[in-house]
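Per-entry structural report
Letter by letter, the chains look like this.
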Amino acid sequence: MSYTERLLTQGSFLTRLAHGGRYRRTLELASGVRGAAAVDFGCGDGMILRRAYDAGIVGSGYGVDSDPSMRESAAANFAGIDGFRFIDPAEIDRVIPAGSCDLAICTETLEHVQNPEVILDAVVRCCRPGARVVITVPIEVGPSLIGKQLGRFLAGIRRPYGYEGYQLRELFSAAVLWNARGFDSSHVREEAPLTGHKGFDFRDIEAALRARMQIERTVCSPFPALGQVLNSTVMWRCRTPERPS
């Protein structure tokens, strides 16, 4: 079973609802461009990029992922389709020409890296001026965290579903006080090569985005009307800066 199939078909009703809504709204935010040259940072098995290709949004591009097995799965999902390459992050500067992409996608990736600003800088470098950018990250602060932890717990009853647990004081800090840095997590350990969901605050990413590009639209999923208080994911549609003529 592929990574995407596991997300969309296994777990609990709550986790399936969250992942399904994220996939659907990512394509909605990316729509409006046709046949784009795209780059997907943290592409996983390449299924979002493949769905964008099937919808005519993307015509060629690159998938970037640090996991060789994911890159292999992504390449398999594009078997017989020309114009796509799947590369390690260390290859970005060598393989992707600066200013060559019309669309950048980065879903559920920035929470897992110690320095997400490095990826955002790479997004700006790879994209032409005024290119569309779609970024999504999980909401791990505020009241929605309680519902997410419940969904993860239920998902793990019948089969393994890895997630980070919280002590009560930690959950109170993150869910009630909106303070994700008030307890130990991978996000406060400078030596952690990869970071997890626990201790992640989407507001740090929003600030980094505003410093680098224009945010055109902010959407929360799977229930947009409930905003950042009761949702699992926050999504931004952005534009890279226009260079002076």
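Refer to the structure presented above.
Now for a description of the structure that goes with this document.

A short note on the environment of E117
Within the element layout of this structure, E117 appears in helix α6 (residues 116-126). Overall, E117 belongs to the partly exposed group, its relative accessible area being 33%. A sequence separation of 92 residues divides E117 from L209, and the C-alpha atoms of the two residues are 8.6 Å apart. Filtering out sequence-adjacent residues up to four positions away, E117 remains in contact with A208 and R212.

Observations concerning the pattern of salt bridges
All chains considered together, the criterion is met by 15 salt bridges. K148 serves as the salt-bridge partner of E140, at 2.9 Å between the closest nitrogen and oxygen. Overall, K148 belongs to the buried group, its relative accessible area being 14%. What emerges from the salt-bridge pattern is a single network uniting E140, K148 and R152.

Some points on the sheet that holds strand β7 (residues 233-239)
Pairing is mixed across the open sheet formed by 7 strands, whose spatial order is β3-β2-β1-β4-β5-β7-β6. Looking along the sheet, the strands with just one partner apiece sit at the ends: β3 (84-87) and β6 (214-221). Here the strands of the sheet are splayed against their neighbours by 15° on average, with no regard to which way each runs. Here strand β2 (residues 58-64) pairs with β3 via 4 bridges, running parallel. Its bridge partner lying in β3, G63 is registered against F86. Sitting on the sheet, helix α3 (residues 47-54) is in contact with β1 (36-41), β2, β3 and β4 (101-107), with an inclination near 175° to β2.

About the criteria used
Residues numbered from 1 in each chain as written. Predicted model: local features only at pLDDT ≥ 70, side-chain atom pairs only at ≥ 80, totals over all residues. Heavy atoms only, no water. Helix = DSSP H or I, 4+ residues; strand = E, 2+ residues; numbered from the N terminus. Buried < 20%, exposed > 50% of the residue type's maximum accessible area, 1.4 Å probe, protein only. Contact = heavy atoms within 4.5 Å. Salt bridge = Lys/Arg side-chain N within 4 Å of Asp/Glu carboxyl O. Pairing = 2+ DSSP bridges. Axes fitted to C-alpha atoms, helices over the stretch in contact; angles between N-to-C directions.

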